[in-house]
Amino acid sequence: MRMMIIIQMDPQDFAAMSPLVPQEQAHVRKLTDEGTIEGLFSSADRLHTWLVMKGTSQEQIEQELKGLPLYPYMKAQLVPLL
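Draft legend 1. Summary view of the nonpolar core. With 15 residues, the main nonpolar core has Ile-5, Ile-7, Leu-51, Met-53 and Leu-65 as its most contacted residues. Taken together, the elements giving at least two residues each to this core come down to strand 1 (2-9), helix 2 (21-34), strand 3 (48-54) and helix 3 (58-66). Examining the composition of this core, we find that four residues originate from one element, strand 1, more than from any other. With sequence-adjacent residues up to four places away left out, Ile-7 is seen in contact with Leu-47, His-48, Thr-49, Leu-51, Leu-65, Met-74, Lys-75 and Ala-76.

Right under this line is the structure:
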């Protein structure tokens, strides 16, 4: 199963998120190396991110997403892909 994850961030949270960015980048690299994240695209202002994730089920993809250090600051929408 593949899902498009549409993520929106609130710029008011940037100060709180900033210390977590290195951890987030390392975790994203790990998921990319494992093949869980197939694509990642960010807007120039860093307020929007689009992920293509692969997993055995929507629940498994949601669990992987919840493991991201910045997850508490994300407003995420999951869209199943063909």
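Draft legend 2. Region of interest: the pattern of salt bridges. As enumerated under the stated definition, the model contains three salt bridges in all. One salt bridge in this structure joins Lys-30 and Glu-34, with 3.1 Å as the shortest N-O distance. One end of the pair, Lys-30, and the other, Glu-34, are both in helix 2, four residues apart, so they sit about a helical turn from each other.

Draft legend 3. Quick peek at the environment of Leu-78. Here Leu-78 lies in strand 4 (residues 74-81). The spacing of Leu-78 and Pro-19 is 59 residues in sequence and 26 Å in space, taken between C-alpha atoms. In contact with Leu-78, not counting residues within four places along its chain, are Met-3, Met-4, Ile-5, Gln-58, Ile-61, Glu-62 and Leu-65.

Draft legend 4. The layout of surface pockets, seen in detail. Considered as a void within the structure, the largest pocket measures approximately 480 Å³ in volume. Broken down by secondary-structure element, the contributors of at least two residues to the lining of the largest pocket are strand 1, helix 1 (14-17), helix 2, strand 2 (37-42) and strand 3. The biggest single contributor to the lining of the largest pocket is helix 2, with four residues. Of the residues contributing to the lining of the largest pocket, the split by class is twelve nonpolar, four polar and two charged.

Draft legend 5. How the structure looks around the environment of Val-21. Mapped onto the secondary structure, Val-21 falls in helix 2. Accessibility expressed as a relative area gives 31% for Val-21, which makes it partly exposed. Considered as a pair, Val-21 and Pro-69 are 48 residues apart in the sequence and their alpha carbons are 7.9 Å apart.

Draft legend 6. Highlighting the side chain of Ser-43. On the secondary structure map, Ser-43 appears in the loop between strand 2 and strand 3. Among the polar contacts listed, one links the side chain of Ser-43 to the side chain of Asp-45, at a separation of 2.5 Å. Leaving out residues up to four positions away in the same chain, Ser-43 has contacts with His-48 and Trp-50.

Analysis parameters
Residues numbered from 1 in each chain as written. Predicted model: local features only at pLDDT ≥ 70, side-chain atom pairs only at ≥ 80, totals over all residues. Heavy atoms only, no water. Core = buried A, V, L, I, M, F, W, Y, C linked by side-chain atoms within 4.5 Å. Buried < 20%, exposed > 50% of the residue type's maximum accessible area, 1.4 Å probe, protein only. Helix = DSSP H or I, 4+ residues; strand = E, 2+ residues; numbered from the N terminus. Contact = heavy atoms within 4.5 Å. Salt bridge = Lys/Arg side-chain N within 4 Å of Asp/Glu carboxyl O. 1 Å grid on protein atoms, 1.4 Å probe; cavity = no way out; pocket = protein on both sides within 12 Å on 5 of 7 lines; lining within 4 Å. Points joined across faces, edges and corners; volume = space filled by probe spheres on them. Nonpolar A, V, L, I, M, F, W, Y, C, P; charged D, E, K, R; others polar. Polar contact = N/O pair within 3.5 Å; in protein donor to acceptor, adjacent residues only side chain to side chain.

In short, geometric facts, not functional conclusions.
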